[in-house]
Structure formats: C-alpha cells, structure tokens
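# Fold and geometry: a report
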Amino acid sequence: MKQAMTPFIKWAGGKRQLLKEIEERMPKEYNRYFEPFIGGGAVLFSLQPNRAVINDCNRSLIHTYRSIKKSPTKVIRELKVFDQEIIEGGKEYYYYLRTLYNEKMIKEEYDMEMAGLFIFLNKHCFNGLYRVNAQGLFNVPYNNSKKPSYDRENIRAISKYLKKVTILEGDFEKACQRAKKGDFIFFDSPYAPLNPTSFESYTKEGFDKGSHERLAKLFRKLHRRGCYCMLTNHNTEFICNLYKEFEIDIVPAKRMINSDGKKRVGEEVIIRNYK
C-alpha cells in the first residue's frame with residue numbers, strides 16, 4: 001500500500017495541479033520509470049513506481065534528494081534549528097542563511113546543513129523560486145513567512161521510498177542512456193518562453209532553444225527504441241512544431257510563480273508517443 005507523499009519543495013513548473021491529466025494518459029503497463037528533470041518530484045511521489053531513475057542538473061537539488069534518502073533525521077535536525085531561529089530573526093536571519101548557502105556553494109560544501117538550507121530557503125523565498133545570478137549565486141528575496149519549512153512524517157516517508165530509487169545528477173540525455181524498450185520516460189522539461197523572441201533570457205539557466213531541439217531529438221530516439229515517452233510544456237507554436245508527429249493534448253494550467261495573479265492562467269501541452 002502506498003504511503004501518501006508530497007513534494008518537500010516548491011518548484012517552477014511543478015506538476016501537482018496536472019497529476020490527474022498526466023496519470024490518465026500514462027501507459028497501462030511499463031517497466032522502469034525515468035524522470036530526467038525531477039524538480040519537486042510531484043509525479044514521482046504520486047506514482048511511486050517500484051523501479052525508478054530520477055535526475056536533474058541542479059547539484060543542490062540532487063544533493064538534497066540524496067541527503068533525505070541517506071539521513072532524513074539529520075536533514076530534519078537542520079530544518080528544526082532554522083525554523084526555530086526564523087521566528088525571532090525574521091528577514092535578517094533569512095539573508096544570513098542565504099549568504100551561508102551561497103558560501104557553501106562556492107566552497108562546494110555539500111553536507112547535511114546544505115540540504116537543510118536548500119529546503120528552508122525554498123520555503124521562505126519569494127514564490128519558492130530557485131534563481132541564481134550570473135555568478136551562480138542564489139538571489140531570491142525573503143517572502144516574510146515564518147511558517148515551518150518541513151513535514152517530519154513526509155520527509156521520512158520520502159526517505160523510505162527513495163531507498164529503491166536511483167538518483168543521478170547531470171544532463172537529461174545521459175540520464176536516459178540505459179532506457180530500454182517498455183520503459184516509461186516522463187519529461188517535465190524546462191518551460192519554453194511564451195514569446196519565441198525571449199529565448200535569450202533563458203540561456204543563463206542553461207536551457208535555450210538548442211536544448212529544446214536536442215530534447216526533441218532524444219524524444220524521437222527513445223520512440224524508435226520502443227520506450228513510452230511523455231513530455232509537458234507550455235502550449236506554444238515552437239513546442240507543438242517540435243513534436244508535431246506525436247499525440248498532443250492541450251490542458252489548462254495555472255502558472256503559480258507569476259507575480260501578477262491575473263497572468264497565472266494559461267495552457268500546457270501533454271505530448272505522448274503512444275495512444
């Protein structure tokens with residue numbers, strides 16, 4: 001019996017709101033589950049496949065997954081201290097921890113404190129947005145929240161489940177190298193900009209127009225290999241043209257990180273290489 005789990009962080013483009021539509025369109029049977037852009041893991045934690053391979057290029061994110069898998073008690077211990085201190089320290093304490101996090105990134109100190117900082121900052125920064133500047137340093141401002149940054153039982157349940165999950169860090173194409181016929185790959189790919197002329201602003205985060213084209217090429221390669229593939233993204237002409245020979249369903253979606261509430265409604269596509 002599955003134990004209910006929810007993402008331990010908020011992530012741009014997270015799929016909690018589309019879980020029903022995604023699960024309705026999944027293949028009835030598959031072998032292993034691959035998710036090359038794991039992000040917050042909403043789909044993974046909902047499905048809880050017995051054989052899963054997850055990946056992301058964000059080192060801090062993958063370090064946090066691995067830390068929860070290995071030592072949930074130590075991660076919880078770090079978070080407990082941060083949550084207690086933010087009540088008294090507020091804004092000043094948040095920026096102190098943000099500086100500490102950046103210093104640890106520079107020194108490459110990926111320890112349990114780093115995992116705790118990653119979760120804490122995610123829950124106390126503006127809109128749960130993970131953004132870095134040109135120097136690669138986290139620079140999202142405080143959201144003025146003093147709420148707890150974790151759920152103890154959820155962290156423990158996630159740790160228990162992750163014991164049977166292979167966790168990789170790196171490029172999405174490399175993460176799919178061992179995918180075979182009958183495996184299911186879910187691509188929750190970084191969003192393409194709604195305005196096709198805006199691709200230039202995406203290059204700092206490492207997923208430009210060429211990256212989307214390379215992903216579409218991989219999608220076709222896995223299709224020829226006999227894998228089941230599903231991909232989600234904004235409903236744009238660029239994305240639809242990249243996958244025009246496949247099944248494309250348009251679904252309504254909210255864009256939770258937009259600062260203008262009136263612009264938080266849009267459309268996404270769920271693309272499949274099977275019916």
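Keep in mind the model is a prediction, meaning the values are calculated, not measured.

### Points about the UniProt feature "binding site: S-adenosyl-L-methionine" (unreviewed entry) in the chain
- Mapped onto this numbering, the UniProt entry annotates "binding site: S-adenosyl-L-methionine" (unreviewed entry) at Trp11, Lys15, Asp56 and Asp188. Considering only the annotated residues already named, the ones lining the largest cavity are Trp11.
- Locating Trp11 in the fold gives a position in the segment before helix 1 (19–24).
- For Trp11, the contacting residues outside a window of four places in its chain are Gly39, Gly40, Asn58, Leu61, Phe118, Asn122 and Tyr130.

### Describing the confidence of the model for the chain
- When pLDDT is averaged across the chain, the result is 92; 93% of the residues are at 70 or more.
- For residues 200–204, every residue scores under 50 in pLDDT, and the model assigns this stretch five contacts once sequence neighbours within four places are set aside.

### Section: the side chain of Asn233
- Examined against the element boundaries, Asn233 turns out to sit in strand 5 (residues 228–234).
- Look at Asn233 and you get buried, because its relative accessible area is 0%.
- Here Ser189 takes part through its side chain, which lies 3.0 Å from a polar atom of the side chain of Asn233.
- The residues touching Asn233, leaving out its near neighbours within four places in the chain, are Ser189, Pro190, Tyr191, Ala192, His212, Ile239, Glu268 and Val269.

### Considering helix 3 (residues 59–70)
- Look at helix 3: 16 Å from first C-alpha to last across 12 residues, which is about the 16 Å you get at 1.5 Å a residue.
- Of the residues making up helix 3, those classed as buried are Ser60, Leu61, Ile62, His63, Thr64, Tyr65, Ser67 and Ile68.
- On its buried face, helix 3 is in contact with helix 2 (42–47), strand 2 (52–56), helix 4 (72–107), helix 5 (112–124), helix 6 (152–162) and strand 3 (165–169).
- Of the residues flanking the start of helix 3, the one acting as N-cap is Asn58, its side-chain oxygen 3.1 Å from the backbone nitrogen of Ser60.

### Things to note about the pairing of strand 7 (residues 265–272)
- Among the eight residues in strand 7, six count as buried, and that is most of the element.
- Bridge count for strand 6 (residues 247–254) against strand 7 is eight bridges, and the pairing is antiparallel. Its bridge partner being in strand 7, Lys254 is matched across the sheet by Val265.

### Brief notes about the nonpolar core
- Counting residues in each nonpolar core, the largest one holds 57 residues, and the members touching the most others are Phe8, Leu44, Phe45, Tyr65 and Leu162.
- For this core, the element with the most residues is helix 4, which contributes 11 residues.
- Excluding its chain neighbours within four sequence positions, the residues that come into contact with Phe8 are Phe45, Thr64, Tyr65, Ile68, Ile119, Lys123, Asn154, Ile155 and Ile158.
- Counting residues in each nonpolar core, the second largest holds 26 residues, with Phe34, Ile185, Leu215 and Ile271 among its members.

### Remarks on the layout of surface pockets
- In this model, the second largest pocket occupies a volume close to 260 Å³.
- Lining of the second largest pocket is provided by 16 residues; of these, Val53, Thr166, Leu168, Ala175 and Arg178 occupy positions nearest its centre.
- Going through the elements one at a time, strand 2, strand 3 and helix 7 (172–175) are the ones with two or more residues in the lining of the second largest pocket.
- Partitioned by chemical class, the residues of the lining of the second largest pocket number six nonpolar, four polar and six charged.

### Remarks on the state of the cysteines
- Throughout the structure, instances matching the rule amount to zero disulfides.
- Unpaired in terms of disulfides, Cys125 finds its nearest cysteine sulfur in Cys57, a separation of 18 Å.
- Its sulfur unpaired, Cys240 is 17 Å from the next cysteine sulfur, which belongs to Cys229.

Reading the values: the criteria
Residue numbers restart at each chain and count upward from 1, following the sequence in its written direction. The predicted nature of this model means local features are confined to residues of pLDDT at least 70 and side-chain atom pairs, given and counted, to a pLDDT of 80 or more, with totals for whole chains, interfaces and linings taken over all residues. As a rule here, side-chain values cover all heavy atoms of the structure and leave hydrogens and water aside. UniProt positions are given in the numbering used here, feature names are shortened, and annotations may be inferred rather than shown by experiment. In this analysis, the protein atoms alone were mapped onto a 1 Å grid. Cavities are point sets where a 1.4 Å probe fits without being able to get out; pockets are open sets with protein on both sides within 12 Å along at least five of seven lines; lining residues have an atom within 4 Å of a point. Only runs of H or I of at least four residues qualify as helices and only runs of E of at least two qualify as strands under DSSP, and these elements are numbered from the N terminus. Should any heavy atoms of two residues lie within 4.5 Å, those residues are considered in contact. Each residue carries a pLDDT value, the predictor's own confidence for that position, ranging from 0 to 100. Any residue under 20% of the maximum accessible area for its type is buried, any over 50% is exposed, and the rest in between are partly exposed; the area is computed with a 1.4 Å probe on protein chains only. In the analysis that follows, any N or O atom pair within 3.5 Å is treated as a polar contact, provided that within protein one partner can donate a hydrogen and the other can accept it, and provided that, for residues neighboring in sequence, both atoms belong to side chains. Here the expected span of a helix is defined as 1.5 Å times the quantity of residues minus one. When DSSP finds two or more bridges between a pair of strands, those strands are recorded as paired. Buried residues of nine kinds, namely Ala, Val, Leu, Ile, Met, Phe, Trp, Tyr and Cys, make up a nonpolar core once their side-chain atoms join them within 4.5 Å. Grid points are joined across faces, edges and corners, and a volume is the space filled by probe spheres set on the points. All residues other than Ala, Val, Leu, Ile, Met, Phe, Trp, Tyr, Cys, Pro, Asp, Glu, Lys and Arg, Gly among them, are scored as polar; the first ten of these are nonpolar and the last four charged. Working definition: a disulfide is two cysteine sulfur atoms within 2.5 Å of each other.

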